[in-house]
Amino acid sequence: MIDLLIAIFLDLLIGDPHSFPHPVKLMGKIIGCEEKIARKVAKSDNGLKILGGLIVVVNILIAFFVPYYILRLLQGNSLFYHLVNTYFLYTCIAAGCLHREAMKVYVALAKGLQEARYRVSFIVGRDTAHLNEEEIIKATVETVAENTADGVIAPLLFAMIGGAPLAFVYKMVNTMDSMLGYMNEKYRDIGLIPAKTDDLFNYIPSRLTGILMCVSSLFRYNPLQGFMIMIRDRKNHKSPNCAYPEGAVAGLLGIQLGGAHTYFGELVHKPVIGDQNRTVERDDIKRAITIMYSSEVLLVLIYLAITLSFEVK
């Protein structure tokens, strides 16, 4: 419990410095190598699908057992065990990084569209070259909302259940989806099983995130409105999960998200989420970040309450 709390504090304090060694970077390199091998080996579309599934199985095993055995080897040395465990947990949480990257877009909007388009390109998958100010703000708010689920709440939840090894499994699944899980022509086959696996792993965390967002916003926004939009628009997204946190944020802020966007040169039509009670504004980025942190704090408080109640018994 103490290791996880320190990890959360470190994430808030320093985020993810680019020069810092990070397991997710290694995961990305492994997945990239596996993709190249799979494309060379596969002789058909079905072959690519099968190899995509094999990549998922192999990487889940790697992600679990590597940290598991490292920590097991260190159990005889309490200091090193807790240092390494804290480091592992810290690298799984992305609230600090998400905050900093979103605020770079916020600051860039004051400097002009070109700078803002450049900054938002680092945190979204869509094409940003022709986005206007409203679209940039929406893209940033959507990213903060979605990544509150898969970058903050989900890894924390898996860490609370199964420690660093299970948190690493989640990060590996999420990284495979971000690299292979696109439903375009290039990735439709090899990315099918990685994408479905990510959907499964995020099923509970995404819904829990939406609930946490609404409950933790009790004294700032209208939680009932957040719940209503989240439930009403829960299917207004290609992902079975993303509309929950995005819907909660849209309802809480009284704005509309979603709509058509261009990905890799292809126009993708997406339903809207929320009601356009007002036009989005720069400060909605800050508001989304605040909702992210309040959700994280609420989850940690619930975890502490449950853990301490068991210790008392």
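Because the structure is predicted, anything quoted here is derived from the model rather than measured. (Residues numbered from 1 in each chain as written. Predicted model: local features only at pLDDT ≥ 70, side-chain atom pairs only at ≥ 80, totals over all residues. Heavy atoms only, no water.)

## Observations regarding helix 3 (residues 45-73)
Here is the rule we go by: For the purposes of this entry, the term helix denotes a DSSP run of H or I that reaches at least four residues, the term strand denotes a run of E that reaches at least two, and both are numbered from the N terminus. Expected helix span is computed as 1.5 Å times (number of residues minus one). Using a 1.4 Å probe on the protein chains alone, a residue whose accessible area is under 20% of its type maximum counts as buried, one over 50% counts as exposed, and one in between counts as partly exposed. Here a residue-residue contact requires only that any non-hydrogen atoms of the pair lie within 4.5 Å.
Along its 29 residues, helix 3 runs 42 Å from first to last C-alpha, staying within 8% of the 42 Å computed at 1.5 Å per residue. When we look at burial in helix 3, the residues that qualify are Gly47, Leu48, Leu51, Gly52, Gly53, Ile55, Val56, Asn59, Ala63, Pro67 and Leu71. Each element contacted by the buried residues of helix 3 is listed here: helix 2 (23-41), helix 4 (78-91), helix 7 (133-180) and helix 8 (192-201).

## A closer look at the environment of Val58
Assignment of secondary structure puts Val58 in helix 3. When the C-alpha atoms of Val58 and Ile193 are compared, they prove to be 13 Å apart, with 135 residues separating the residues in sequence.

## With respect to the packing of aromatic side chains
Inclusion rule: Only centres within 6.5 Å qualify two rings of Phe, Tyr or Trp (six-membered ring in Trp) as a pair; their planes then separate them into stacked at under 30 degrees, edge-to-face at over 60, and tilted for everything else. Counted as over-ring charges are cases with an Arg CZ or a Lys NZ within 6 Å of the ring centre that also lie within 35 degrees of the ring normal.
A full pass over the atoms with the stated rule returns 11 aromatic pairs. Among the aromatic residues, those joined into a ring-pair cluster are Phe64, Phe65, Tyr68 and Tyr69. In this structure, Arg39 is placed above the aromatic ring of Tyr187, and the distance from its NZ or CZ to the ring centre is 5.3 Å. Cation over ring: Arg207 sits above Tyr203, and NZ or CZ is 3.7 Å from the ring centre.

What is shown is where atoms sit, not what they do.
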